[in-house]
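Listed below, chain by chain, are the residues.
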Amino acid sequence: MVNLHLFSLTVLLTLPPPIASRVEAAFLRNSPPALRELLATEGTIPVSLPEPLALADQLSPDQAFLVFSRIFAVFRTTEFTADPRLSSLPGRPGAILKARWSFRNERSGDQYPFRVYFFLAPAPGSGDPAASFRIVEVRAERL
């Protein structure tokens, strides 16, 4: 009986967290509304994206939605793979979700690979901490 429980726990821990698959789906579908559901609803969201996007700013959730709407209108995701393991932040509640994001400029055909880091924090007042993470910061570097 104990072996069955340990096996079940091992399987559950190796599955990607729900937020990882939801972020992946939002980017693969180029869907700002799906991404908006994952963003923090209060405060500002620091977003730092290198060229060709060239953005470094503190955005409200509505501004972040508009920015990603414009990005997804010009750049189409060709690959998005999230690392199923979350990294923890020392001394802070939350985690870091790492992903590889490749996209193509629809106008020029140029392709760009990025490593993206999503800083996640528990949503305030949520009952289920595993399912209630929200994106509170987005940083990327060009590969």
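Details of the structure are given in the entry above.
Residues numbered from 1 in each chain as written. Predicted model: local features only at pLDDT ≥ 70, side-chain atom pairs only at ≥ 80, totals over all residues. Heavy atoms only, no water.

Let's shift gears to the environment of W101. Inspection of the secondary structure assignment puts W101 in strand β5 (residues 95-105). Its relative accessible area of 1% is what places W101 among the buried residues. Considering only alpha carbons, one finds W101 and E79, 22 residues apart in sequence, at a separation of 5.7 Å. Leave out the neighbours within four places in its chain, and W101 touches F27, L53, I71, F72, T77, E79, F80, Y112, P113, F114 and V116. Side chain to side chain, W101 and T77 meet in a polar contact 3.0 Å long. (Helix = DSSP H or I, 4+ residues; strand = E, 2+ residues; numbered from the N terminus. Buried < 20%, exposed > 50% of the residue type's maximum accessible area, 1.4 Å probe, protein only. Contact = heavy atoms within 4.5 Å. Polar contact = N/O pair within 3.5 Å; in protein donor to acceptor, adjacent residues only side chain to side chain.)

On to unusual backbone geometry, then. Omega for the bond connecting E51 with P52 falls within 30 degrees of zero, at 10°, which places this linkage in the cis form. Position of P52 relative to the elements: it lies in the loop between β1 (45-49) and β2 (55-59). Of note, the phi angle at N30 is positive, near 50°, even though the residue is not glycine. Counting through the fold element by element, N30 comes out in the loop between α2 (18-28) and α3 (32-36). At A54, a residue that is not glycine, the phi angle is positive and equals roughly 45°. Assignment of secondary structure puts A54 in the loop between β1 and β2. Under the relative-accessibility criterion, A54 is labelled partly exposed at 46%.

Looking now at the side chain of T77. Relative to the assigned elements, T77 resides in strand β3 (residues 75-82). Within the local environment of T77, its side chain forms a polar contact with the backbone oxygen of F27, the two atoms lying 2.9 Å apart. In this structure, T77 is in contact with F27, L28, N30, F72, W101, S102 and F103, ignoring residues within four places of it in sequence.

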